[in-house]
Amino acid sequence: MKGKINDIFESIQGEGIYLGEEQLFVRFFGCNLECKFCDTQIHNFMEYEPQQLLQALEGYKNTCQAISFTGGEPLLQKDFLKEVMSLTKKQGYKNYLETNGILHQELEEVIDLVDIIAMDVKLPSSTGQRGFWQEHRAFLKIASRKEVFLKAVVCHGTEESDLRQALALIKEINPAAILVLQPNSFDDDERLRKKMHDFKEICAQEDVQGCIIPQIHKILKLE
Ligand code: SF4
């Protein structure tokens, strides 16, 4: 079995509540969405057997405790992901899955091997796509068996009603989960900062732990 991998690299985690943690990254090729704000242009890949990928990871200095499986959408290659995660777990790594939070049937098949899930909530007024509320609901139910936090990108056009729907979903399924509000780096200005502040206030009013964390890679100009 071969997986399509765009890149393998070592860096610090640039998003979410593990911001700044040194991790190994495996960037999977391919995505099932086309978010308006997407900054991950993936045009090429190399093919790896699971064991070959493990060998490639061994080439990095071994100070990282976690491997971030990112994309694209790693769950699109769930059979390969499962094989690789079972190998990395045996090596003592934490498996950190970055996902758009939609492919819940695929998540069910790998959840036992995952330690931490960074799950997107795709707000339709941010992404320009349809809403995925049913998929997110099913996904969060499964993800909540493990450590999970959620991320939502906020743009100029993001509607408050979408945020409220996301908060209702979190309160229904996993009220302890943190929601990271991530400002869209393309819209970074005073107007967006005001909106971030207002959205964080709404999280507090709704008793959901919300925090504002920008993408640090853009600020520090890291990979
Ligand atoms: S899910 Fe992520 S990788 Fe896929 S299009 Fe959206 S932002 Fe880009």
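Residues numbered from 1 in each chain as written. Predicted model: local features only at pLDDT ≥ 70, side-chain atom pairs only at ≥ 80, totals over all residues. Heavy atoms only, no water.

As a further point, take the sheet that holds strand β6 (residues 116-120). As summarised here, the arrangement of the nine strands in space is β3-β1-β2-β4-β5-β6-β7-β8-β9, forming an open sheet in which the pairing is mixed. Two strands lie at the open edges of the sheet, namely β3 (46-48) and β9 (210-212), each paired on one side alone. In this sheet, adjacent strand axes meet at a mean angle of 30° when their direction is disregarded. Across five bridges, strand β7 (residues 147-154) lies against strand β8 (residues 179-183) in parallel orientation. Looking at the pairing, valine 153 lines up with glutamine 182 of β8. Strands in contact with helix α1 (residues 50-58) are β1 (3-12), β2 (22-28), β3 and β4 (66-70); relative to β3, the strand with the most contacts, it is inclined by about 105°. Against the sheet, helix α5 (residues 133-143) makes contact with β5 (94-99), β6 and β7, and its axis sits at roughly 165° relative to β6, the strand it touches most. (Pairing = 2+ DSSP bridges. Helix = DSSP H or I, 4+ residues; strand = E, 2+ residues; numbered from the N terminus. Axes fitted to C-alpha atoms, helices over the stretch in contact; angles between N-to-C directions. Contact = heavy atoms within 4.5 Å.)

Throughout the structure, instances matching the rule amount to five aromatic pairs. Measuring from ring centre to ring centre gives 5.0 Å for phenylalanine 9 and phenylalanine 25, while their planes differ by 5°; the resulting arrangement is stacked. Of this pair, phenylalanine 9 sits in strand β1 while phenylalanine 25 is found in strand β2, placing the two residues 16 residues apart along the sequence. Classification of phenylalanine 9 as buried rests on a relative accessible area of 5%. Ring pairing ties together the aromatic residues Phe28, Phe69 and Phe80, which thus form one cluster. (Phe/Tyr/Trp six-rings, centres within 6.5 Å; stacked < 30°, edge-to-face > 60°. Buried < 20%, exposed > 50% of the residue type's maximum accessible area, 1.4 Å probe, protein only.)

Here we come to the layout of surface pockets. It is a probe the size of a water molecule, rolled over the atoms, that shows where empty space is left. The volume enclosed by the largest pocket comes to roughly 1,000 Å³. Broken down by secondary-structure element, the contributors of at least two residues to the lining of the largest pocket are β2, β5, β6, β7, β8 and α8 (216-220). Considering every element that reaches the lining of the largest pocket, the biggest residue donor is β7, with three residues. Its residues assigned to classes, the lining of the largest pocket comprises 16 nonpolar, 16 polar and 11 charged. Together, Pro183, Asn184, Ser185, Asp188, Leu192, Arg193, Met196, Ile212, Pro214, Gln215, Lys218 and Ile219 line the second largest pocket. Elements with a contribution of two residues or more to the lining of the second largest pocket: α7 (190-205) and α8. Considering only residue class, the lining of the second largest pocket consists of six nonpolar, three polar and three charged. (1 Å grid on protein atoms, 1.4 Å probe; cavity = no way out; pocket = protein on both sides within 12 Å on 5 of 7 lines; lining within 4 Å. Points joined across faces, edges and corners; volume = space filled by probe spheres on them. Nonpolar A, V, L, I, M, F, W, Y, C, P; charged D, E, K, R; others polar.)

What follows deals with the site of the ligand. Around the ligand sit Cys31, Leu33, Glu34, Cys35, Phe37, Cys38, Gly72, Asn100 and Lys122, and those are all the residues in its vicinity. Assessed atom by atom at 2 Å from the grid points, the ligand resides in the largest pocket. A class-by-class count of the residues in the shell around the ligand yields five nonpolar, two polar and two charged. (Near = heavy atom within 4 Å. Sits in = over half its atoms within 2 Å of the grid points.)

What α5 keeps buried is the set Trp133, Glu135, His136, Phe139, Leu140, Ile142 and Ala143. Each element contacted by the buried residues of α5 is listed here: β5, α3 (104-110), β6, α4 (124-127), β7 and α6 (160-173).

No statement about biological role is implied by the geometric values presented.
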